[in-house]
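The primary structure of each chain is shown beneath.
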Amino acid sequence: MAVARTWAVSLLGLEGALVEVETDVSSGLPRFIIIGLADRAISEAEGRVRQAITNSDCLIPPHRITVNLSPAGLPKNGTAFDLAIALSCLAAIGDVEAASIARVVHAGELGLDGRLRPTPGILPIVRAARRAGRETIMVPSANAAEASLVPGIRVVAVDSLRAAAIWHGAELEMADPVVETPDPPALGTSPPLELADVLGQDDAVEALVTAAAGGHHLFLLGPPGSGKTMLAERLPGILPPLSTEAALDVSSVRSLGGQRVGDSLDTVPPFESPHHTATAAAVVGGGSGVIRPGAVARASHGVLFLDEAPEFARVVLDCLRQPLETGWITIHRANAVARFPARVQLILAANPCPCGQYGAPESSCQCAPSAIRRYFSRISGPLLDRIDLQVTVRRVSSAANRIAGERTVSTSEAARSRVLEARSRAERRLRETPWAVNAEVPGAFLRSSPIALDPQAVRPLDRGLERGALTMRGYDRVLRVAWTLADLRGTASPDHDDVCRALFLRKGIAA
């Protein structure tokens, strides 16, 4: 009996590596061995594979069966290797064509009766197979719609090991199809919220539009009931729709996290709002065994909203500093490094003090100054320095509410139109660079010719830098916001007023 070979995919984060599954059937005491740095889920595949093969009317000879997962030094985890292991065993004993399985990547978890169960992570597995140059992949029928979202690769959907063996040339009778009812998709469960619902917060709405136009981070400070959460929840509705690759990233993260993915890509940017009791692993990702994505990865290409930000543990907030700069979450383990996309727009919301009444009209704050300092000390200076826009949101008075009700308010459609126009101007300006939005442009590029601003325009920034009110990072971030304001106004470059407005939006400094 010859050695049979086929292919599977091992995932580390969203990045997958092809794994060659080799099976050798030799004389010796009956034993089933899986080698190649497999986790417990793969080591337990012996029981699933044996019973699935037997219940598919095939026979495993009483010999020594050795399954090698190569490269041996690459960690492998999960149950998606079951189908590849079972088919390589059938090819080694001659029940299916070895040449056929060698051309196909296989992914799927087996049940004891031979059925193929819906398997988490199918979408990133198919994307990894396509990137590796593979032309065909076999997946469970319940994952067919999800796998078909990836262009450029042939998807073969089967409902059982028997059907997979017949497709590869086994002489078996076709059984009745196995109906595996998947969970309903988690995408597109609710439409974006309408910006027109926000009344009497013109400055905060304008800051939200600026954040959407340039991809900037936003900090909202105000008492309870001032509308901070309303504003944050409406940001996805004014953002541009996701590109195909971005939508695939979002769906891949959801698939890896065990959520069902529908038969079409959702182009609405995601919105994640973890509770303030969330741990660092819940926010940035991690876990034992399979490394799962956290809230930051699930919010990639969308919005991460941290309500009551000072209530989060400081270590959790500081975990966000590197992803905000690099756009990636990197999780290190003893034998593996997993990466997840983390290109998010961060929105922090906070009360002005623990009781929330500091500075509110006709309200009295009972918090001691030391309590207020402790409250805000959890948001470290380095993290706050990475927030481009810092806006104070005040409660809406009855007069302001009446005035707002008498005039035309900004709708999500109108705001999205402004955002699309501003981003279009930025894309044309940056078309020969690797960046697409102003928030991604490094300061060195903005301060260099030919787009460097006139010294008179940046004089307020120079004064702030000299006084120590701005860091060099803050200086560059104000420049990015100034360019976004110019794009919203439709001008070729920022002027002195744009720089002053950007500086005020960042530091509340009247330049």
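Criteria and cut-off values
- Residues numbered from 1 in each chain as written.
- Predicted model: local features only at pLDDT ≥ 70, side-chain atom pairs only at ≥ 80, totals over all residues.
- Heavy atoms only, no water.
- Helix = DSSP H or I, 4+ residues; strand = E, 2+ residues; numbered from the N terminus.
- Buried < 20%, exposed > 50% of the residue type's maximum accessible area, 1.4 Å probe, protein only.
- Contact = heavy atoms within 4.5 Å.
- Lys, Arg positive; Asp, Glu negative; His and termini not counted.
- Charge placed at Lys NZ, Arg CZ, Asp CG, Glu CD.
- Phe/Tyr/Trp six-rings, centres within 6.5 Å; stacked < 30°, edge-to-face > 60°.
- Lys NZ or Arg CZ within 6 Å of the ring centre and 35° of its normal.
- Domains from an automatic or database assignment.
- Buried area = accessible area lost by both parts, 1.4 Å probe.
- Pairing = 2+ DSSP bridges.
- Axes fitted to C-alpha atoms, helices over the stretch in contact; angles between N-to-C directions.
- Parallel < 35°, antiparallel > 145°, perpendicular 65-115°, else oblique.
- Left-handed = near helix turned anticlockwise from the far one by under 90°.
- Nonpolar A, V, L, I, M, F, W, Y, C, P; charged D, E, K, R; others polar.
- Salt bridge = Lys/Arg side-chain N within 4 Å of Asp/Glu carboxyl O.

A. Focus on the overall build of the chain. The helix and strand tally for the chain stands at 22 helices and 18 strands. With the principal axes as the frame, the chain shows a C-alpha extent of 85 × 55 × 45 Å. In the chain, buried positions account for 51% of the 511 residues. Of the contacts formed within the chain by residues at least 6 apart in sequence, a portion of 73% connects residues at least 24 apart. Averaging the locations of the 53 positively and 54 negatively charged side chains of the chain gives two centres separated by 7 Å.

B. Focus on the packing of aromatic side chains. On inspection of all chains with the given rule, the structure shows 3 aromatic pairs. For the pair Tyr375 and Phe376, a centre-to-centre distance of 5.1 Å together with 80° between the ring planes defines the contact as edge-to-face. Above the face of the Trp7 ring, Arg134 is positioned so that its terminal group lies 4.4 Å from the ring centre. Its end group placed over the ring of Trp328, Arg339 keeps NZ or CZ at 4.0 Å from the ring centre.

C. The arrangement of the domain arrangement of the chain in detail. Here the chain is described as being made up of domain 1 (4-168) and domain 2 (195-437). Relative to domain 2, the C-alpha centre of domain 1 lies at a distance of 40 Å. Listed by partner, the interface residues are 21 residues for domain 1 and 23 residues for domain 2. In total, about 1,800 Å² of surface goes out of reach between domain 1 and domain 2, with carbon and sulfur atoms giving 60% of it. Among the residues of domain 1 in contact with domain 2, Leu14, Arg127 and Leu149 are the three that bury the most area, contributing 33% of the side total.

D. Inspection of the environment of Val158 at higher detail. For Val158, the position within the fold is in strand β9 (residues 154-158). As for Val158 and Gly108, which are separated by 50 residues in sequence, their C-alpha atoms are 9.7 Å apart. Ignoring any residue separated from it by four or fewer positions in sequence, one finds Val158 in contact with Leu116, Met138, Val139, Pro140, Ser141, Ala163 and Ala164.

E. Region of the structure containing helix α3 (residues 82-92). Counting buried residues along α3, 11 of its 11 residues qualify, which places the element largely inside the surrounding structure. Every buried residue of α3 is listed here: Asp82, Leu83, Ala84, Ile85, Ala86, Leu87, Ser88, Cys89, Leu90, Ala91 and Ala92. Gly94 lies just past α3 and shows a positive phi near 90°.

F. Molecular detail of the sheet that holds strand β11 (residues 271-272). Pairing is parallel across the open sheet formed by 5 strands, whose spatial order is β11-β14-β17-β10-β18. Both outer strands of the open sheet, β11 and β18 (389-392), are each paired with one neighbouring strand and no more. Strands in contact with helix α8 (residues 202-214) are β10 (218-221), β17 (345-350) and β18; relative to β18, the strand with the most contacts, it is inclined by about 165°.

G. Spotlight on the environment of Ala368. Relative to the elements of secondary structure, Ala368 occurs in the loop between β17 and α15 (369-377). When the C-alpha atoms of Ala368 and Pro354 are compared, they prove to be 9.6 Å apart, with 14 residues separating the residues in sequence.

H. Region of interest: the packing of α8 against helix α18 (residues 412-429). The N-to-C vectors of α8 and α18 enclose an angle of 40°; their axes lie 9 Å apart at closest approach. By the angle class used here, α8 and α18 are oblique. Crossing angle aside, the handedness with which α8 passes α18 is right-handed. Facing Glu206, Val209, Ala212 and Ala213 of α8, the residues of α18 in contact are Ala415, Arg418, Val419, Ala422 and Arg423. Taken together, the residues that form the contact of α8 with α18 break down as 6 nonpolar, no polar and 3 charged.

I. Layout of the pattern of salt bridges. Under the counting rule described, the total for this entry stands at 26 salt bridges. Of the charged contacts in the structure, one is a salt bridge between Arg5 and Glu20, with a shortest N-O distance of 3.4 Å. Pair noted here: Arg5 is in strand β1 (residues 4-12) and Glu20 is in strand β2 (residues 15-26), with a separation of 15 residues, a long-range link. Across the pair Glu15 and Arg339 runs a salt bridge whose closest N-O atoms are separated by 3.3 Å. Note that Glu15 is positioned in strand β2 and Arg339 in strand β16 (residues 337-341), a separation of 324 residues in sequence. The partly exposed category is assigned to Glu15, whose relative accessible area is 40%.

J. Here's a closer look at the environment of Asp203. Residue position: Asp203 is located in helix α8. Taking relative accessible area as the criterion, Asp203 reaches 57% and is therefore assigned exposed. For Asp203 and Val393, which are 190 residues apart along the polypeptide, the C-alpha to C-alpha distance reads 8.4 Å.

K. Structural context of the packing of helix α20 (residues 459-467) against helix α21 (residues 472-489). Running from amino to carboxyl end, α20 crosses α21 at an angle of 165°, the nearest separation of the two axes being 10 Å. In this view, α20 runs roughly antiparallel relative to α21, as classed from their interaxial angle. Remark: the crossing between α20 and α21 carries right-handed chirality. Between α20 and α21, the contacting residues are Leu461, Asp462 and Leu465 on the first element and Met472, Tyr475, Val478 and Leu479 on the second. Classifying every residue of the contact of α20 with α21 gives 6 nonpolar, no polar and 1 charged.

L. Highlighting the pairing of strand β15 (residues 328-332). Taking every second residue as pointing to the same face, the buried face of β15 carries Ile329 and Ile331, while none of Trp328, Thr330 and His332 on the other face is buried. In this structure, β15 lies alongside β16, joined through 5 bridges in antiparallel fashion. If you follow Thr330 over to β16, its bridge partner there is Arg339.

M. Geometry of unusual backbone geometry. With omega at 5°, the peptide bond leading from Ser70 into Pro71 counts as cis. Non-glycine residue Leu37 carries a positive phi angle of around 55°. Mapped onto the fold, Leu37 is located in the loop between β3 (31-35) and α1 (40-43). Of note, the phi angle at His301 is positive, near 70°, even though the residue is not glycine. Positionally, His301 belongs in the loop between α12 (295-298) and β14 (303-306).

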